[in-house]
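Structural overview
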Amino acid sequence: MKNKKLSNKNKAVLFIIISAFCFALMNLFVRLSGDLPSFQKSFFRNFVAMFFAALMMLKNRQSFRWKKGNLKYLFMRSLAGTVGIVCNFYAIDHIPLSDASILNKMSPFFVIIFSIIILKERLTLFQGAVVFGAFIGAMFVIKPSFSNVDVLPSALGLMGGMFAGFAYTIVRLLGKRNENGAMIVLFFSAFSCLTMLPFLIFDFHPMSLYQLIMLLCAGLAASGGQFSITAAYCNAPAREISVYDYSQIIFATLLGIIFFGELTDIYSFIGYAIIILMAVAMFIYNNSSKSESFRLEKK
């Protein structure tokens with residue numbers, strides 16, 4: 001039994017690193033698609049994911065019905081995920097890729113907060129201190145002031161992280177309720193497309209072939225990221241694997257430098273360091289607590 005749990009955790013770590021790379025690529029393609037509304041970008045991103053989720057379910061001959069009692073949770077995950085994507089895409093278009101990525105990666109700290117409310121998990125004093133420290137780091141990235149023209153997209157980027165944290169908490173809950181991962185992705189993608197459709201109809205911006213290709217590539221990358229992160233959170237608790245999600249900051253920073261020559265200021269780098277340090281501290285704390293509990297159980 002122990003080896004099986006270890007195997008699940010290793011798979012979850014691999015899945016979450018793959019998802020981090022895929023989402024970094026998605027952010028790159030979204031930026032490269034140019035000056036298009038966030039709603040339009042969101043529609044194409046999720047349309048491709050919906051297609052692949054449906055194809056996977058057909059290939060595996062899986063039922064297109066959700067598990068009994070899971071419909072309300074699928075709606076909650078989908079609504080939060082849709083709002084989170086729109087906020088994230090707006091931030092991607094207006095601030096450096098690395099800034100948008102680190103603000104979106106506040107989601108694991110929001111997972112901790114929402115896990116208290118939804119999953120009834122307990123919050124220790126140390127966890128509370130780490131979450132508070134992460135928000136201090138976020139303020140270094142946002143740099144709130146009346147003179148900072150990037151404060152609005154930065155704040156929306158943080159909101160995107162908050163809604164993503166709520167969505168991932170619900171994904172974990174659905175995993176505990178034995179919901180099929182492909183169904184979670186399909187339901188979310190279809191819900192998001194339907195939600196974005198009115199905006200697409202009444203405020204459609206014509207696209208060049210290049211822009212269409214970039215959005216389709218964003219959708220492909222998002223599909224890989226969505227399936228990977230769903231598999232990750234269904235295989236292991238967020239507290240054990242969330243730190244590996246911060247590899248996206250490395251990918252995003254490198255892609256931002258290579259494609260856009262982006263170099264963020266010293267305050268943003270301080271914010272990155274604080275947030276990542278808090279994530280590492282939480283990871284070490286969670287694993288040491290688990291080891292201690294295991295020793296006590298053996299005694």
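In this text, all values refer to a predicted model and were calculated from it rather than measured experimentally. (Residues numbered from 1 in each chain as written. Predicted model: local features only at pLDDT ≥ 70, side-chain atom pairs only at ≥ 80, totals over all residues. Heavy atoms only, no water.)

Let's shift gears to the overall build of the chain. Within the chain one finds 12 helices and 0 strands. Secondary structure of the chain in N-to-C order comes out as α-α-α-α-α-α-α-α-α-α-α-α. Compactness check: the chain gives a C-alpha radius of gyration of 19 Å against a globular reference of 19 Å for 299 residues, within 12% of the reference. With the principal axes as the frame, the chain shows a C-alpha extent of 65 × 50 × 30 Å. Counting only residues that meet the buried cut, the chain has 50% of its 299 residues in that class. Sequence separation of at least 24 residues holds for 90% of the intrachain contacts in the chain that already meet a minimum separation of 6. Approximately 14,600 Å² of the chain is accessible, and the part contributed by carbon and sulfur atoms is 71%. (Helix = DSSP H or I, 4+ residues; strand = E, 2+ residues; numbered from the N terminus. Rg over C-alpha atoms; globule rule 2.2 N^0.38 Å. Buried < 20%, exposed > 50% of the residue type's maximum accessible area, 1.4 Å probe, protein only. Contact = heavy atoms within 4.5 Å. Areas by Shrake-Rupley, 256 points an atom, 1.4 Å probe, with all protein chains shown as cover.)

Here we come to helix α6 (residues 125-142). A rise of 1.5 Å per residue sets the reference length of α6, with its 18 residues, at 26 Å; its end C-alpha atoms lie 26 Å apart and thus fit the reference within 8%. All buried positions along α6 are accounted for by Gln 127, Val 130, Val 131, Gly 133, Ala 134, Gly 137, Ala 138, Val 141 and Ile 142. Directly beyond the C-terminal end of α6, a positive phi value near 50 degrees is found at Lys 143. (Expected span 1.5 Å × (residues − 1).)

The subject of this paragraph is the environment of Arg 77. Mapping Arg 77 onto the fold places it in helix α3 (residues 71-94). Taking the relative accessible area as the measure of exposure, Arg 77 reaches 3% and is therefore buried. Along the primary structure Arg 77 and Ala 222 are separated by 145 residues, whereas in three dimensions their C-alpha atoms are 16 Å apart. In contact with Arg 77, other than residues within four places in its own chain, are Ala 167, Tyr 168, Ile 170, Val 171, Ile 184, Phe 188 and Gln 226.

Met 26, Ile 102, Leu 103, Met 106, Phe 109 and Ile 241 are the most contacted members of the largest nonpolar core, which has 69 residues in total. The element that contributes the greatest number of residues to this core is helix α1 (residues 2-32), accounting for 9 residues. Ignoring any residue separated from it by four or fewer positions in sequence, one finds Phe 109 in contact with Val 130, Val 131, Ala 134, Tyr 246, Ile 275, Met 278 and Ala 279. (Core = buried A, V, L, I, M, F, W, Y, C linked by side-chain atoms within 4.5 Å.)

Once that is clear, we can look at helix α8 (residues 181-202). Here α8 is 22 residues long and its end C-alpha atoms lie 33 Å apart, about the 32 Å a rise of 1.5 Å per residue gives. At Met 196, α8 is bent by approximately 35 degrees, the largest bend along its length, and proline Pro 198 sits one to four residues beyond. Taking the backbone nitrogen of Ala 182 as reference, a side-chain oxygen 3.3 Å away marks Asn 180 as the first, capping residue of α8. (Bend = angle between axes of the 7 residues up to and from the residue. Polar contact = N/O pair within 3.5 Å; in protein donor to acceptor, adjacent residues only side chain to side chain.)

All told, the structure shown has 2 cavities of 30 Å³ or more when counted by the stated rule. Taken as a whole, the largest cavity encloses approximately 230 Å³ of empty space. As for the largest cavity, its lining consists of 22 residues, of which Arg 45, Ile 85, Asn 104, Ala 164 and Tyr 168 are closest to the centre. Looking at which element gives the most residues to the lining of the largest cavity, the answer is α3, with 7 residues. Within the lining of the largest cavity, the residues separate by chemical class into 10 nonpolar, 9 polar and 3 charged. The calculated volume of the second largest cavity comes to roughly 50 Å³. Elements with a contribution of two residues or more to the lining of the second largest cavity: α5 (107-118) and α12 (266-298). (1 Å grid on protein atoms, 1.4 Å probe; cavity = no way out; pocket = protein on both sides within 12 Å on 5 of 7 lines; lining within 4 Å. Points joined across faces, edges and corners; volume = space filled by probe spheres on them. Nonpolar A, V, L, I, M, F, W, Y, C, P; charged D, E, K, R; others polar.)

Turning next to the confidence of the model for the chain. Considering every residue of the chain, the mean pLDDT works out to 84; 92% of them sit at 70 or more. Within the chain, helix α10 (residues 238-241) has the poorest average pLDDT of any element, 70, and α3 the best, 92. Below a pLDDT of 50 lies the segment residues 1-6, which in the model reaches 0 contacts outside its immediate sequence neighbourhood of four places, other chains included. Segment residues 292-299 is flagged for pLDDT under 50; beyond a separation of four residues in sequence, or across chains, it makes 0 contacts in the model. (pLDDT = per-residue confidence, 0-100.)

With that out of the way, let us pick up the packing of aromatic side chains. Taken as a whole and judged by the stated rule, the model has 14 aromatic pairs. When the centroid spacing of 5.2 Å and the interplanar angle of 85 degrees are considered together, the rings of Phe 110 and Phe 135 count as edge-to-face. With Phe 110 in helix α5 and Phe 135 in helix α6, this pair connects stretches of sequence that are 25 residues apart. Summarising the aromatic geometry, the rings of Phe 269 and Tyr 272 are spaced 5.4 Å apart at their centres and angled 70 degrees between planes, so their arrangement reads as edge-to-face. Of this pair, Phe 269 and Tyr 272 both sit in helix α12, 3 residues apart, roughly one helical turn. For Phe 269, a relative accessible area of 38% puts it in the partly exposed group. Since its relative accessible area comes to 5%, Tyr 272 is described here as buried. Linked through ring pairs, Trp 66, Phe 75, Phe 187 and Phe 191 together constitute an aromatic cluster. (Phe/Tyr/Trp six-rings, centres within 6.5 Å; stacked < 30°, edge-to-face > 60°.)

Even without glycine at this site, Arg 61 takes up a positive phi of about 55 degrees. Checked against the element boundaries, Arg 61 lands in the loop between α2 (38-59) and α3. Not every positive phi belongs to a glycine, and Asn 178 is a case in point at roughly 65 degrees. Counting through the fold element by element, Asn 178 comes out in the loop between α7 (151-176) and α8.

Let's shift gears to the side chain of Ser 42. For Ser 42, the position within the fold is in helix α2. For Ser 42, a relative accessible area of 0% puts it in the buried group.

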